[in-house]
Structure formats: C-alpha cells, structure tokens
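Per-entry structural report
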Amino acid sequence: MMMTRNAKPKALRPFAAYATALAAVALLAACSEKPPEPSAGELVFKGTCKVCHAQGINGAPIVGNKKMWGPRLEQGIPTLVEHASNGYGLMPAKGGNTELTTEQITAAVEYMVGQVQ
C-alpha cells in the first residue's frame, strides 16, 4: 500500500478526527468565556480619573508609568486618597466628580497604584 506524504494510516484516522474535535471544543470554550468583570476602582478610573490620568493632563501621573508614580507611591495610599478627595495642585477635589464616595476614591487610587506595582 502506497501512502502519500499527508495521508494517515486507517488505524490513526479516528484519533485524528478525535483530536480535531477536541481542538474545536477547546477553541469554542475559550471564545465563550466572559472577560473578567472590571473592579470598582477600574470603573471609577474609567468614569472619572481617566480623563487626566490616561494622558497626563496638567501633570497628572499617567496610569502605568512607574517613573511618574514612583514619588507618589512613597507617600502611601492614605495620602493619595486625601489628595484625590480634597484636590491637590491642579487636580480638583474628587477629580471633579462630587458624587464620588471615599470608598470609590480609595478603590480608584488602589486601582491606579496597582497598575505600576
């Protein structure tokens, strides 16, 4: 029996079909997984803080930029929350969103800090 280069012996054909089916199931499972829900801090960041902290407007430290966040990290979370809550430099209190609670501000600060640690 002469086989071509890509032909599989009859005995292996069921296994090849099984492997193909498994690969298809794995692909479908991967595609159907929901992405993780954003954290409370990420939601606040995207809704309020991103305006300045994504581009460094008015000197705001850009999220993920270790060099810009380095000196701020040394101040600690409580100080950063206080600055975000009451305003600091050119940043308005609560990032201009007067509806934010202390818990939401803390979550946003922790989210931003987490992006550089």
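A brief report on the enclosed structure follows. Just so it is clear, the structure is predicted and the values come from calculations on it, not from any experiment.

1. Side note on the layout of surface pockets
Looking at the largest pocket, its volume works out to about 570 Å³. Of all the secondary structure elements, the ones that give two or more residues to the lining of the largest pocket are α2 (40-53), α3 (66-73), α4 (77-86) and α5 (102-114). In terms of residue class, the lining of the largest pocket is built from 17 nonpolar, 8 polar and 2 charged.

2. Quick notes on α2
Here α2 spans only 17 Å end to end across 14 residues, well under the 20 Å set by a 1.5 Å rise per residue. At glycine 47, α2 shows its largest kink, close to 55°. Taken together, the buried positions of α2 are Gly41, Glu42, Val44, Phe45, Thr48, Cys49 and His53. Along its buried surface, α2 packs onto α3 and α5.

3. So, the side chain of histidine 53
One can find histidine 53 in helix α2. A relative accessible area of 9% means that histidine 53 is categorised as buried. Here proline 61 takes part through its backbone oxygen, which lies 2.8 Å from a polar atom of the side chain of histidine 53. In this view, histidine 53 contacts Phe45, Ala60, Pro61, Ile62, Val63, Trp69, Met91 and Met112; residues no more than four positions away in its chain are not counted.

4. Things to note about the nonpolar core
As a rule of thumb, soluble globular proteins bury nonpolar side chains together. By size, the foremost hydrophobic cluster in this structure holds 15 residues, and its most contacted members are Cys49, Trp69, Ile105, Val109 and Met112. If one sorts the elements of this core by residue count, α5 sits on top with 6 residues. For isoleucine 105, the contacting residues outside a window of four places in its chain are Val81, Ala84, Ser85, Lys94 and Leu100.

5. What to know about α4
Along α4, the residues that are buried comprise Leu80, Val81, His83, Ala84 and Ser85. If you follow the buried residues of α4, they end up packed against α3 and α5. Following α4 by one or two positions, glycine 87 adopts a phi angle in the positive range, close to 95°.

Each value, and the rule that gives it
- Residues numbered from 1 in each chain as written.
- Predicted model: local features only at pLDDT ≥ 70, side-chain atom pairs only at ≥ 80, totals over all residues.
- Heavy atoms only, no water.
- 1 Å grid on protein atoms, 1.4 Å probe; cavity = no way out; pocket = protein on both sides within 12 Å on 5 of 7 lines; lining within 4 Å.
- Points joined across faces, edges and corners; volume = space filled by probe spheres on them.
- Helix = DSSP H or I, 4+ residues; strand = E, 2+ residues; numbered from the N terminus.
- Nonpolar A, V, L, I, M, F, W, Y, C, P; charged D, E, K, R; others polar.
- Expected span 1.5 Å × (residues − 1).
- Bend = angle between axes of the 7 residues up to and from the residue.
- Buried < 20%, exposed > 50% of the residue type's maximum accessible area, 1.4 Å probe, protein only.
- Contact = heavy atoms within 4.5 Å.
- Polar contact = N/O pair within 3.5 Å; in protein donor to acceptor, adjacent residues only side chain to side chain.
- Core = buried A, V, L, I, M, F, W, Y, C linked by side-chain atoms within 4.5 Å.

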